[in-house]
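Read off the chains here:
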There are 2 protein chains.
Amino acid sequence: MDMDTLLVEPVGLEQVEGALDRLFDESKIRAAKVGPGYRGLWETLERCTAGGKRFRPRLVMSAYQMLGGRDLDNAAGVGAAFELLHTALIVHDDVIDRDFVRRGIPNVSGRYRSIAESAGMSPEAARHVGFSAGVIAGDLALSNAYRLLERVEAPAAVRRRLGEILDEAVFASAAGEFLDIETSLDRSMPPLEDIVQMARLKTSVYSFEGPLQAGAVLAGAEEEVVDRLGDFGRDAGIAYQIADDLLGVFGNETRTGKTNWGDLREGKRTALLSYVSSRPEWESISALIGTPGMSAAEADYVRRVLVESGAKDYSADLAAEYASRARTHLESDVVPSALRSALEPVVSAVVDRVH
Amino acid sequence: MDMDTLLVEPVGLEQVEGALDRLFDESKIRAAKVGPGYRGLWETLERCTAGGKRFRPRLVMSAYQMLGGRDLDNAAGVGAAFELLHTALIVHDDVIDRDFVRRGIPNVSGRYRSIAESAGMSPEAARHVGFSAGVIAGDLALSNAYRLLERVEAPAAVRRRLGEILDEAVFASAAGEFLDIETSLDRSMPPLEDIVQMARLKTSVYSFEGPLQAGAVLAGAEEEVVDRLGDFGRDAGIAYQIADDLLGVFGNETRTGKTNWGDLREGKRTALLSYVSSRPEWESISALIGTPGMSAAEADYVRRVLVESGAKDYSADLAAEYASRARTHLESDVVPSALRSALEPVVSAVVDRVH
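Residues numbered from 1 in each chain as written. Chains lettered and ligands numbered in written order. Predicted model: local features only at pLDDT ≥ 70, side-chain atom pairs only at ≥ 80, totals over all residues. Heavy atoms only, no water.

(A) Summary view of the overall build of chain A. For chain A, the count of helices and strands is 16 helices and two strands. On C-alpha atoms alone, chain A measures out to a radius of gyration of 21 Å, which is about the 20 Å that the 2.2 N^0.38 rule sets for 355 residues. Summarising its shape, the C-alpha atoms of chain A cover approximately 60 × 60 × 30 Å along the three principal directions. Here chain A holds 355 residues, and 60% of them are scored as buried. (Helix = DSSP H or I, 4+ residues; strand = E, 2+ residues; numbered from the N terminus. Rg over C-alpha atoms; globule rule 2.2 N^0.38 Å. Buried < 20%, exposed > 50% of the residue type's maximum accessible area, 1.4 Å probe, protein only.)

Here it is, written out as structure tokens:
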């Protein structure tokens, strides 16, 4: 499931695009003074940032406006900062996952690997050139997320709070990436609470909690509203991640845009596998999980076991449960009804996709 | 030549250590809530930051105080931000250079490669785990450089200017790293102006210009002083880098702590090689440069050619020329004599080491 298909009222998105365009235009001019190659790296980074549906900026702009904010140009800087953080994380995530393609086109690493291969480098050296360019490009995106936030006009206390929210998003996302690596060192499946924690760290904080809270803080909302939006974001993000993992195994390949046994091949730690790993059925599939050579027939077998063991239903129910908790937080009196109506479809979309 | 051996009056360094200690203590506590592994990553990052002589914070603190700044605790945050930027850049540089050791001890990648090997991973998979941990740790250091700067108390215009100086340091360092990769795709030696540009981007901006200008801006110095310090930093950094490259080939291994033919083996682009590449002597050594298997005897031969062709003297003179230019900028009336006296030894040390 692409997060970009979740619905949030598109308000002030032109301003977000404007903020991103200005940053890239300015950076490309600065980079061109260094040389055409560095300008090319910025163009590649711009392409990686283009074309998304701006899910995180939508949350920033919705929370901001529905809590009384009126200066869309200023808020757009916060939205754009979260979009660039997203770019930074996917660019570095692709380095970590050794991926060279995203959404069917070469990513930063893919582009520079090709350039290095054309220059006559060995495949291994060219791969490393690709990774290196990815490391540098991700650093630029991360640094420019802070740069965009620096330029937002706000009282000192609000600025500090926005800075803390962005820091927390980086801290949590790094933790989630790190736990992914750590669990990959151990063949056993982590308990469900670890799966939920990883979903929160990797998904909730930077994609849901951070954008919503930043929009609310900039609008000058009460601390209690900011807290409720954090609670909502946490549970909605967990619901999203569990649902996404389900679709990664059972989804329609055309719709999700990726093969639906990649996650099984990689042995990705999910609620599905955590559940089945404590059941007798685990013995019949454990040797298949995480084997790069898994065939389509083996994947079909694993899927059948996941259905019959109840793991699939369990995961779908778990996603629905977190979605329902997320909704409950919205019911708080401190959340304006317009904001509740704007965020409701986000959780509904999560659950509809997996039921 | 280790930059840390350059002399700058050590003022307010305890406050810088305090700022770094507080950041790491706080982060380790936060990280421990995620899990012991993530706390371990922060401990590793702290070790990578410890033990340096704090060259960049020294420049920040010197400029700040000698231009009238009195709030050392506040300025220490700026110094600590540049130290963490330094950590971020070396951690990611080690990933890009595929190094697993720094200053004789395992770096972030080295530590996590070992952990992955102990967990039974293949050497190649373990290397990648090491790189991945390096990518994440560097991101945390980079993000926390901004975090430290956020906390500095200053009027809005000063804060914005400090942010811009940090951004420029990241932008230039990334450009320098990128040009390094780009030139490695081409076997020819770049012209001298490219070597000088790379030295400025990789060394001057974040290690000299940025720290000096940030200290001056926080002290409320006139724009003209800030400009002169930028000019000084640019030329001092270029002098430093050319001298460092000379020592990388001709230095005493015990003193520099690295083998003195590593740079020749890697074919590192230096003023030495740029000079000799346009002379007839180049033919006799070009096939040796950049060959991983270069022997000590071959390195001796290359060194002899570099001496006889005049490349060594040329580089030493070039370093001295940039050092002399750097000194000239200090002679401006707008630079207080105390600051001039504090910075003089920096350039003298550069030149003394190579003559």
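That was the structure; now back to the text.
(B) Inspection of the packing of helix α5 (residues 108-118) of chain A against helix α6 (residues 123-150) of chain A at higher detail. Residue and element names in this part refer to chain A. Where α5 meets α6, the axes come as close as 7 Å, and the angle between the chain directions of the two elements is 140°. Here α5 is positioned oblique relative to α6, judged by the angle of their axes. Crossing of α5 over α6 shows right-handed handedness. The segment α5 lies against α6, with V108, S109, Y112, R113, A116 and E117 engaging A126, R127, V129, G130, F131, A133, G134 and A137. Tallied by class, the residues present in the contact of α5 with α6 amount to eight nonpolar, three polar and three charged. (Axes fitted to C-alpha atoms, helices over the stretch in contact; angles between N-to-C directions. Parallel < 35°, antiparallel > 145°, perpendicular 65-115°, else oblique. Left-handed = near helix turned anticlockwise from the far one by under 90°. Contact = heavy atoms within 4.5 Å. Nonpolar A, V, L, I, M, F, W, Y, C, P; charged D, E, K, R; others polar.)

(C) Just unusual backbone geometry, in detail. Residues and elements named next belong to chain B. One non-glycine residue, R54, adopts positive backbone phi at about 65°. Relative to the assigned elements, R54 resides in the loop between α2 (36-49) and α3 (55-66). Classification of R54 as buried rests on a relative accessible area of 6%. A positive phi angle, close to 50°, is found at R103, a residue other than glycine. For R103, the location among the structural elements is in the loop between β1 (101-102) and β2 (105-106).

(D) Structural view of the relation of the copies chain B and chain A. Of the transformation superimposing chain B on chain A, the axial component is 0.0 Å and the angular component is 180°, with the fit at an RMSD of 0.0 Å. Here the two chains are linked by the operation of a two-fold rotation axis. Same-surface contact between copies: 100% of interface residues of chain B are shared with the interface of chain A. (Least-squares fit on C-alpha atoms with pLDDT ≥ 70 in both.)

(E) Summary view of a negative patch on the surface. There is a patch of like negative charges on the surface, built from E222(A), E224(A), D227(A) and D333(A). As for its position among the elements, D333(A) is in the loop between α15 (311-330) and α16 (337-354). (Patch = residues over 30% accessible without salt bridge, like charges linked within 9 Å, V, L, I, M, F, W, Y side chains within 5 Å. Areas by Shrake-Rupley, 256 points an atom, 1.4 Å probe, with all protein chains shown as cover. Salt bridge = Lys/Arg side-chain N within 4 Å of Asp/Glu carboxyl O. Lys, Arg positive; Asp, Glu negative; His and termini not counted. Charge placed at Lys NZ, Arg CZ, Asp CG, Glu CD.)

(F) Layout of the domain arrangement of chain A. Residue and element names in this part refer to chain A. Parsing chain A into structural domains produces domain 1 (1-153) and domain 2 (190-355). Relative to domain 2, the C-alpha centre of domain 1 lies at a distance of 24 Å. Each partner contributes to the interface: domain 1 provides 26 residues, whereas domain 2 provides 30 residues. Summed over both sides, the interface between domain 1 and domain 2 buries roughly 2,300 Å², with carbon and sulfur atoms accounting for 78% of that surface. Our count for the domain 1 to domain 2 interface comes out at zero salt bridges. Here domain 1 is connected to domain 2 by two residue pairs in polar contact (both at pLDDT 80 or more). Breaking the side of domain 1 that touches domain 2 down by element, the ones donating at least two residues are α3 (55-66) and α4 (72-96). At eight residues, the largest contribution of residues to the side of domain 1 that touches domain 2 is made by α3. For the side of domain 1 that touches domain 2, the per-class residue count stands at 18 nonpolar, five polar and three charged. (Domains from an automatic or database assignment. Buried area = accessible area lost by both parts, 1.4 Å probe. Polar contact = N/O pair within 3.5 Å; in protein donor to acceptor, adjacent residues only side chain to side chain.)

(G) Structural context of helix α14 (residues 296-308) of chain B. Residue and element names in this part refer to chain B. The end-to-end C-alpha distance of α14, which contains 13 residues, comes to 18 Å, matching closely the 18 Å that a straight helix rising 1.5 Å per residue would cover. Buried residues along α14 sit against α9 (223-250), α11 (262-266), α12 (271-276), α13 (282-285) and α15 (311-330). Phi for G310, located one or two positions after α14, is positive at around 90°. (Expected span 1.5 Å × (residues − 1).)

(H) Spatial organisation of the packing of helix α4 (residues 72-96) of chain B against helix α6 (residues 123-150) of chain B. All names here are of chain B. It is the contact of α4 with α6, at a shortest axis distance of 8 Å, that shows an interaxial angle of 165°. Overall, the two elements α4 and α6 adopt an arrangement that is roughly antiparallel. At the point where α4 passes α6, the crossing takes the left-handed sense. Taking contact as the criterion, the partners of G77, V78, A80, A81, L84, L85, T87, A88, V91, H92 and V95 in α4 are, on α6, F131, G134, V135, A137, G138, D139, A141, L142, N144, A145, L148 and L149.

(I) Structural detail: the pattern of salt bridges. Taken as a whole, this structure holds 49 salt bridges over all chains when the rule is applied. The residue R102(A) makes a salt bridge to D94(A) at a minimum N-O spacing of 2.9 Å. On the basis of relative accessibility, which here comes to 30%, the residue R102(A) falls in the partly exposed class. Each member of the salt-bridge network shares a partner with another, and the members are E26(A), R147(A), R151(A) and D167(B).

(J) Structural detail: the side chain of R269(B). Residue and element names in this part refer to chain B. Note on placement: R269 falls in the loop between α11 and α12. In this structure R269 is buried but unpaired, with D186 as the nearest side chain of opposite charge at 5.8 Å. A polar contact of 2.4 Å, which involves the side chain of R269, links it to the backbone oxygen of D186. At 2.8 Å, the side chain of R269 forms a polar contact with the backbone oxygen of G267. Setting aside residues up to four positions removed in sequence, R269 forms contacts with T183, S184, D186, R187, S188, M189, P190, I195 and D245.

(K) Layout of the environment of A137(A). Locating A137(A) in the fold gives a position in helix α6. Ignoring any residue separated from it by four or fewer positions in sequence, one finds A137(A) in contact with L41(A), L45(A), V91(A) and V108(A).

(L) Structural detail: the packing of aromatic side chains. Counted according to the given criterion, the structure contains 19 aromatic pairs over all chains. When the centroid spacing of 6.2 Å and the interplanar angle of 70° are considered together, the rings of F24(A) and W42(A) count as edge-to-face. Here W42(A) lies in helix α2 (residues 36-49) and F24(A) lies in helix α1 (residues 13-34), a separation of 18 residues in the sequence. Note on W42(A): relative accessible area 1%, which makes it buried. With 5.6 Å between their ring centres and 85° between their planes, Y112(A) and F178(B) make a pair best called edge-to-face. Separated into two different chains, Y112(A) in helix α5 and F178(B) in helix α7 (residues 156-184) make up a pair that spans both. Across the pair, F178(B) and Y112(A) agree in class, each one buried. One aromatic cluster is present, formed by F24(A), Y38(A), W42(A), Y112(A), F171(B) and F178(B) through successive ring pairs. For the cation-ring pair, R325(A) lies above Y322(A), with the distance from its terminal atom to the ring centre recorded as 4.4 Å. Above the face of the F250(B) ring, K312(B) is positioned so that its terminal group lies 4.9 Å from the ring centre. (Phe/Tyr/Trp six-rings, centres within 6.5 Å; stacked < 30°, edge-to-face > 60°. Lys NZ or Arg CZ within 6 Å of the ring centre and 35° of its normal.)

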